[in-house]
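Structure assessment
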Protein chains: 2
Amino acid sequence: MGVFWSRGYHATALPDLLRATKLSRGSLYAAFGDKHSLFLRALDRYIAIALARMDIELDHRREPVDGLRAYLAGYVDRNSGANGRRGCLLVATAMELAGRDADVDRRIGSFFRDMEARVAGALSRAKAAGRLADGVEPSSAARILVCFVEGLRVVGKTAPTRIISQATVDAFLDRFIR
Amino acid sequence: MGVFWSRGYHATALPDLLRATKLSRGSLYAAFGDKHSLFLRALDRYIAIALARMDIELDHRREPVDGLRAYLAGYVDRNSGANGRRGCLLVATAMELAGRDADVDRRIGSFFRDMEARVAGALSRAKAAGRLADGVEPSSAARILVCFVEGLRVVGKTAPTRIISQATVDAFLDRFIR
DNA sequence: TGATATATAGACCAATCGGTCTTTAAATAG
DNA sequence: CTATTTAAAGACCGATTGGTCTATATATCA
């Protein structure tokens, strides 16, 4: 997964994968089929990890606003320094392969839906707790938030400075939370 | 430019460029040097067009809120249907090459700075006109807006539906404008 | 120990990559 | 018209691509 993450699909060559998996060419093909299948597995794992993390951060039993803060703090972290420069496998894959690879399309699409649903859930709970700013509607705010964090990952590729990311995230949340 | 835009750098092969430029192999190399130089020229043109468009949309003499609306409307447009599926050369390049190509790094970085400066300018003028919501600070709001629109381009790759984009953009602006 | 299954290393494949160069045709100048 | 420049077509180059296959070494088991 790490190799695809760092380099992208096209830029990852077989030798890179062999070095990363410590497998021989034959064993790799026996275990995973071809490069494309292996990439799909890596993508699936990346998605599963991201969603699992969200399930913890945005847990129902938790204070929803705290959950959202933790969720955004995670993005700040992943956007800082070396982490930021590494980027996001999902965003990179979306830009590189979406619209040209049906398998990828399905995964990216459903990931964004799943992510949006989780954020919308947290926002709904925040609203019920009276913690949302006036006029904020959970479902559209969730879409906004998803766009915002994915955009963070894009600009974080070139300017991964933690302090600015954190301030931006705080200012963002201030617009939706009270 | 169009070829790199549609396929990305690595996925664009020489034959694609020959077809697109209607040039022979020799002429292309005589005119542009190598693939990398040609790509840089395409990227520069893309950036110049984007900034020129912003200069019109966010013109000083215009009502700043109208300008911001027009600016965001442009993103809605570029994110809908086939346009959306084509994606954004800048975002794709940032994810594919940033951190591995110094020439690209410089261009992407300065583009985001230029874009943010223009948005911040419009927001400042809006603030002076009393059109900003309470507690909105132009410079941090500009960073938020840049992240938001770039994130739009990412999720727009898989779900480029105009109505939702428009509603999301409207709801977003509602948080900052009055 | 000897027989068998497993996985390694790496030769090998056709196709394609970015890039160069030669040959030929077309346009221009006199 | 001929002479000269310009550009197109495409052969060609070594390197690399994703993928297959064989020979060898290493376990495993009786």
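Just above, that's the structure.
Notes on the structure in this doc start here.

Procedures and definitions
- All residue numbers refer to positions counted from 1 along the written sequence of the respective chain.
- For this description, chains carry letters from A and ligands carry numbers from 1, given in the order in which they are written.
- Two thresholds apply to this predicted model, a pLDDT of at least 70 for residue-level local features and 80 or more for giving and counting side-chain atom pairs, whereas whole-chain, interface and lining totals are computed over all residues.
- Labels follow the DSSP assignment, with helices taken as runs of H or I lasting at least four residues and strands as runs of E lasting at least two, numbered in each case from the N terminus.
- Residues with at least 20 neighbouring C-beta atoms inside 10 Å of their own are called buried, those with 12 or fewer are called exposed, and the rest are partly exposed, where every C-beta is derived from the backbone.
- Contact assignment follows one rule, namely that a residue is near a molecule or strand if its backbone-placed C-beta atom lies within 6 Å of it.
- Ten residues, namely Ala, Val, Leu, Ile, Met, Phe, Trp, Tyr, Cys and Pro, are considered nonpolar, four, namely Asp, Glu, Lys and Arg, are considered charged, and the remaining ones, Gly among them, are considered polar.
- Each residue gets a C-beta atom placed from its backbone, and two residues are in contact if those atoms lie within 7 Å.
- Defined on buried residues, the nonpolar core groups Ala, Val, Leu, Ile, Met, Phe, Trp, Tyr and Cys residues joined through C-beta atoms within 7 Å.
- The atoms used to superpose the copies are C-alpha atoms, taken from residues with pLDDT of at least 70 in both, and the fit is least squares.
- Here an angle of 0 to 180 degrees is reported between the N-to-C directions of two axes, which are lines fitted to C-alpha atoms, with helices fitted over the stretch in contact.
- Each angle receives one of four descriptions, namely roughly parallel if under 35 degrees, roughly antiparallel if over 145, roughly perpendicular if within 65 to 115, and oblique otherwise.
- The crossing is said to be left-handed when, going from far helix to near helix, the turn is anticlockwise and less than a right angle, and right-handed when the turn is clockwise.
- For a helix, the expected span equals 1.5 Å multiplied by the residue count minus one.

1. Looking at the overall build of chain A
A tally of helices and strands in chain A yields ten helices and zero strands. The order of helices and strands in chain A, counted from the N terminus, is α-α-α-α-α-α-α-α-α-α. Here the C-alpha coordinates of chain A stretch approximately 60 × 30 × 30 Å along the principal axes. Looking at chain A as a whole, 39% of its 178 residues qualify as buried.

2. A closer look at the protein's contact with DNA strand D
Around DNA strand D lies a shell of 13 residues, among which A:Ala13, A:Asp34, A:Lys35, B:Ser24 and B:Ser27 are the nearest. Put simply, the parts of the chain that give the surface near DNA strand D at least two residues each are helix H2 (14-21) and helix H3 (25-32) of chain A together with helix H3 (25-32) of chain B. When grouped by side-chain class, the residues that make up the surface near DNA strand D number five nonpolar, four polar and four charged.

3. Quick look at the interface of chain A and chain B
On the side of chain B, 41 residues touch chain A, which itself brings 41 residues to the contact. Mapped by element, the contributors of at least two residues to the side of chain A that touches chain B are helix H7 (89-97), helix H8 (102-128), helix H9 (138-155) and helix H10 (162-174) of chain A. A total of 13 residues in the side of chain A that touches chain B trace back to one element, the largest contributor, which is H9(A). When its residues are assigned to classes, the side of chain A that touches chain B shows 22 nonpolar, ten polar and nine charged.

4. What about the nonpolar core?
Ranked by size, the top nonpolar core spans 96 residues in total, and within it A:Val91, A:Val146, A:Phe148, B:Val91, B:Val146 and B:Phe148 carry the most contacts. With near-sequence residues (within four places) excluded, B:Val146 lies in contact with A:Val155, B:Phe112, B:Met115, B:Glu116 and B:Val119.

5. Overview of the protein's contact with DNA strand C
DNA strand C sits among 13 residues. The nearest are A:Ser27, B:Ala13, B:Gly26, B:Asp34 and B:Lys35. Breaking the surface near DNA strand C down by element, the ones donating at least two residues are H3 of chain A together with helix H2 (14-21) and H3 of chain B. In terms of residue class, the surface near DNA strand C is built from five nonpolar, four polar and four charged.

6. So, the environment of A:Val104
Residues and elements named next belong to chain A. Tracing the chain through its elements places valine 104 in helix H8. A count of 21 C-beta atoms within 10 Å places valine 104 in the buried class. Discounting chain neighbours no more than four positions away, the residues touching valine 104 are Thr93, Leu97 and Ala98.

7. Focus: the relation of the copies chain A and chain B
Each copy superposes on the other: chain A lies on chain B with an RMSD of 0.0 Å after a rotation of 180° and an axial shift of 0.0 Å. With respect to symmetry, the two chain copies, as superposed, fit the operation of a two-fold axis. Within chain A, A:Gly151 has its C-alpha nearest the rotation axis, a separation of 1.8 Å. Here 100% of the contact residues of chain A are again contact residues in chain B; the copies associate through an equivalent surface.

8. Quick word on H3(A)
In terms of residue burial, H3(A) counts as a barely covered element, since only zero of its eight residues are buried. Immediately downstream of H3(A), the backbone of A:Gly33 shows phi near 80°, a positive value.

9. Quick look at the packing of helix H5 (residues 64-78) of chain B against helix H10 (residues 162-174) of chain B
Residue and element names in this part refer to chain B. Between H5 and H10, the shortest axis-to-axis distance is 9 Å and the interhelical angle comes to 150°. In terms of orientation, H5 lies roughly antiparallel with respect to H10. At the point where H5 passes H10, the crossing takes the right-handed sense. Where H5 approaches H10, its residues Leu68, Arg69, Leu72, Tyr75 and Val76 are matched on the opposing element by Arg162, Ser165, Gln166, Val169 and Leu173. Classifying every residue of the contact of H5 with H10 gives six nonpolar, two polar and two charged.

10. Observations concerning the packing of H9(A) against H10(B)
Relative orientation of the contacting elements H9(A) and H10(B) amounts to 90°, with a least axis distance of 9 Å. Compared by their axis directions, H9(A) and H10(B) come out roughly perpendicular. Here A:Ser140, A:Ala141, A:Arg143, A:Ile144 and A:Cys147 of H9(A) lie close against H10(B), whose contacting residues are B:Ala167, B:Thr168, B:Ala171 and B:Phe172. Of the residues contributing to the contact of H9(A) with H10(B), the split by class is six nonpolar, two polar and one charged.

11. Describing the environment of A:Glu96
Among the structural elements, A:Glu96 can be located in helix H7. Owing to 25 C-beta atoms within 10 Å, A:Glu96 belongs among the buried residues under this scheme. In contact with A:Glu96, other than residues within four places in its own chain, are A:Gly8, A:Tyr9, A:His10, B:Gly8, B:Ala92 and B:Glu96.

12. What to know about H5(B)
Residue and element names in this part refer to chain B. Compared with an ideal rise of 1.5 Å per residue, which puts 15 residues at 21 Å, H5 spans 21 Å between its outermost C-alpha atoms and is within 8% of the ideal. Among the residues of H5, those classed as buried are Pro64, Gly67, Leu68, Tyr71, Leu72, Tyr75, Val76 and Arg78. Buried-residue contacts for H5 involve helix H4 (35-57), helix H6 (81-86), helix H8 (102-128), helix H9 (138-155) and H10.

13. Notes on unusual backbone geometry
At A:Lys22, a position not held by glycine, the phi torsion is positive, near 55°. Of note, A:Lys22 is situated in the loop between H2 and H3.

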